[in-house]
Amino acid sequence: MPEGHTVHRLAAAFERAFGGQQVRTSSPQGRFSEAAQLDGRVLLGAEAVGKHLFLPFAPSADVDREAPVVRHVHIHLGLYGSWTFAGDPGFADAHAIGAPRLRMGEQEEELDDGGTAEWRRIVPRPTVRLRIAGACGLADLTGPTACEILDADGRQTVLDRLGPDPLRPDPDGRGRRRFVEAVRRSRTSIGALLMNQKIVAGIGNIYRAELLFRARLDPFVPGRDLSTGLLDQMWEDLVALMTYGARTGRIVTTQPGHREIEARIIERSRGTRQNGDEDPDVVPREESFYVYHRQTLPCRLCGTAVRSADLSARTVFWCPRCQSARSRRASWTREHPAAPWALVPDVDGEAA
DNA sequence: GGGACATGAAGAA
DNA sequence: TCTTCCTGTCCCG
């Protein structure tokens, strides 16, 4: 259940694990029979755009004799999809980013090969849609919303549906401006706009809730009511949050001073696992968020009970006091709002 | 063993 | 706005 930061980590992992290598491809489940067309081709690299992953395969000398065509495997993990990696010890080390565990979906975890490096003999689970195997390891894909082969035009069609991705380089600020302008043109609520991948690509339900909290912004305020200054700062905040997520594999939005040890007791049983939960050096999940999945618990800042409601087919979480329309109106409509996060500018650098 | 639920999105109505 | 699809986990009886 990844948001965009996980997909960017995945792309980096594929690049390191298989980039430039001839690979074997198969569909143990049988529902991606086109995998056979790619078997034995060279995997050229990996590309992440929003929550979409593209794996380009080199033309095949046999099949593409007339016109060489790069085939892009387009993968979207949706709500349930995940990748599981297994391989030689060196393979695992090579693409571990801040954590040695490698399941890249809801959790990162290695397939158990009994520690004998006999990963080639691991029988895929019956639900594995796509297996990619290289010289040093393999990756198994289960439960994706999309797993298909596209040509260059097909890939472009997917990209054309997407707004700017905060994790793509944006040196001239074009991505940020596209985001700001799209929001300001719309009467739709900011909480719904943030989930629309045409407005901004890569945000999911956690980043939505947490970004709105950090901006002290009511999820139900129409986009057109927001100032350019506020939206510029929200974009910058998103870049910082997602960059941290891509680096560590974890979403952490709370400032250190806002985390409470006693919250562990309350939330220990509430689910929402993240990569690295078992690592004592990272921020535990029950201290990672301000509002996500904290409905009925006291707001970390003001103690008011966090609320939840449906908003664009997903549950949104917010503090009705810190994010109250009435109390914040003055600051969002000003061109230079007193941005709350300016006081506590970024998540700290633990778990690098 | 059943049901609820989950970091998602497309297509029908 | 609704239904559907994809899988795994946890809680309950």
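Residues numbered from 1 in each chain as written. Chains lettered and ligands numbered in written order. Predicted model: local features only at pLDDT ≥ 70, side-chain atom pairs only at ≥ 80, totals over all residues. Heavy atoms only, no water.

A few points about the overall build of chain A
Turning to step 1, where the next piece is worked out: Within chain A one finds ten helices and twelve strands.
Turning to step 2, where the next piece is worked out: When each of the 352 residues of chain A is scored for burial, the buried share is 55%.
Turning to step 3, where the next piece is worked out: For chain A, the accessible area works out to roughly 15600 Å², and carbon and sulfur atoms hold 50% of it. (Helix = DSSP H or I, 4+ residues; strand = E, 2+ residues; numbered from the N terminus. Buried < 20%, exposed > 50% of the residue type's maximum accessible area, 1.4 Å probe, protein only. Areas by Shrake-Rupley, 256 points an atom, 1.4 Å probe, with all protein chains shown as cover.)

Details of helix α4 (residues 152–160)
Helical geometry note: an α-helix holds 3.6 residues per turn, so side chains three or four residues apart project in the same direction.
Turning to step 1, where the next piece is worked out: For α4, the full list of buried residues reads G154, R155, V158 and L159. Here the buried residues of α4 occupy an arc of 140° about the axis, which is enough to place them on one side. Exposed residues lying more than 90 degrees from the buried face of α4 are D153 and D160.
Turning to step 2, where the next piece is worked out: Tucked inside the fold, the buried residues of α4 contact β4 (47–49), β5 (52–57), β6 (71–76) and β10 (146–150). (Arc of directions from axis to C-beta. Contact = heavy atoms within 4.5 Å.)

A closer look at the pairing of strand β7 (residues 82–87)
Turning to step 1, where the next piece is worked out: Of all six residues making up β7, six are buried, and the element is well covered by its neighbours.
Turning to step 2, where the next piece is worked out: Residues S82, T84 and A86 of β7 are buried on one face, and the alternating residues W83, F85 and G87, pointing to the opposite face, are buried as well.
Turning to step 3, where the next piece is worked out: Looking at chain direction, β7 and strand β9 (residues 137–142) are connected through six bridges and run antiparallel. The residue of β9 that forms the bridge with T84 is D140. (Pairing = 2+ DSSP bridges.)

Topic: the packing of helix α7 (residues 205–214) against helix α8 (residues 228–248)
Turning to step 1, where the next piece is worked out: Direction vectors running N to C along α7 and α8 enclose 130°, while the axes themselves pass 10 Å from each other. Compared by their axis directions, α7 and α8 come out oblique. When you trace α7 past α8, the crossing you get is right-handed. Counting all contacts with α7, which are made through Y207, L211, L212 and R214, the residues of α8 involved are M234, D237, L238, L241, M242 and G245.
Turning to step 2, where the next piece is worked out: Counted by class, the contact of α7 with α8 contains seven nonpolar, one polar and two charged residues. (Axes fitted to C-alpha atoms, helices over the stretch in contact; angles between N-to-C directions. Parallel < 35°, antiparallel > 145°, perpendicular 65-115°, else oblique. Left-handed = near helix turned anticlockwise from the far one by under 90°. Nonpolar A, V, L, I, M, F, W, Y, C, P; charged D, E, K, R; others polar.)

Re the protein's contact with DNA strand C
Turning to step 1, where the next piece is worked out: The environment of DNA strand C is made up of nine residues, and the closest members are Q29, R31, Y80, R125 and G143.
Turning to step 2, where the next piece is worked out: Considering DNA strand C, the proportion of its atoms within 4 Å of the protein that are sugar or phosphate atoms stands at 59%.
Turning to step 3, where the next piece is worked out: In the environment of DNA strand C, a phosphate oxygen lies 2.7 Å from a nitrogen or oxygen atom belonging to the side chain of R31.
Turning to step 4, where the next piece is worked out: Contacts to DNA strand C include Y80, whose side-chain N or O atom sits 2.6 Å from a base nitrogen.
Turning to step 5, where the next piece is worked out: Broken down by class, the residue content of the surface near DNA strand C amounts to one nonpolar, four polar and four charged. (Near = heavy atom within 4 Å. Polar contact = N/O pair within 3.5 Å; in protein donor to acceptor, adjacent residues only side chain to side chain.)

Describing the pattern of salt bridges
Turning to step 1, where the next piece is worked out: All chains considered together, the criterion is met by eight salt bridges.
Turning to step 2, where the next piece is worked out: With a shortest N-O distance of 2.7 Å, D39 and R24 are connected by a salt bridge. Note that D39 is positioned in the loop between α2 (35–38) and β3 (42–43) and R24 in strand β2 (residues 24–26), a separation of 15 residues in sequence.
Turning to step 3, where the next piece is worked out: Residue classification places R24 among the exposed positions, given a relative accessible area of 54%.
Turning to step 4, where the next piece is worked out: Where E236 meets R176, a salt bridge forms, and the shortest distance between an N and an O atom there is 3.7 Å. Taken together, the positions of E236 in helix α8 and R176 in helix α5 (residues 174–184) put the pair 60 residues apart, joining distant regions of the chain.
Turning to step 5, where the next piece is worked out: Among the residues examined, E236 registers a relative accessible area of 43% and is labelled partly exposed.
Turning to step 6, where the next piece is worked out: A cluster of three or more residues bridged by salt bridges with shared partners is formed by E47, R155 and R168. (Salt bridge = Lys/Arg side-chain N within 4 Å of Asp/Glu carboxyl O.)

Focus on the environment of A192
Turning to step 1, where the next piece is worked out: Here A192 lies in helix α6 (residues 190–193).
Turning to step 2, where the next piece is worked out: Taking relative accessible area as the criterion, A192 reaches 15% and is therefore assigned buried.
Turning to step 3, where the next piece is worked out: With 159 residues separating them along the chain, A192 and S33 place their C-alpha atoms 36 Å apart.
Turning to step 4, where the next piece is worked out: Residues in contact with A192, not counting those within four places in the same chain, are R208, L311 and S312.

Observations regarding the pairing of β6
Turning to step 1, where the next piece is worked out: By the criterion of burial, β6 is predominantly enclosed, with six of the six residues buried.
Turning to step 2, where the next piece is worked out: Where β6 lies against β10, five bridges are found, and the strand directions are antiparallel. Counterpart to H76 in the pairing with β10 is A146.

Things to note about α7
Turning to step 1, where the next piece is worked out: Counting buried positions along α7 yields ten of ten residues, so the element is predominantly enclosed.
Turning to step 2, where the next piece is worked out: Contact partners of the buried residues in α7: α1 (4–18), α6, α8, β11 (307–311) and β12 (314–318).

What about the confidence of the model for chain A?
It should be kept in mind that the predicted coordinates are not to be read in detail where pLDDT is low.
Turning to step 1, where the next piece is worked out: Here chain A averages 83 in pLDDT, and 78% of its residues register 70 or above.
Turning to step 2, where the next piece is worked out: Every residue in residues 94–107 is under pLDDT 50, and counting partners more than four places away or in other chains gives 49 contacts. (pLDDT = per-residue confidence, 0-100.)

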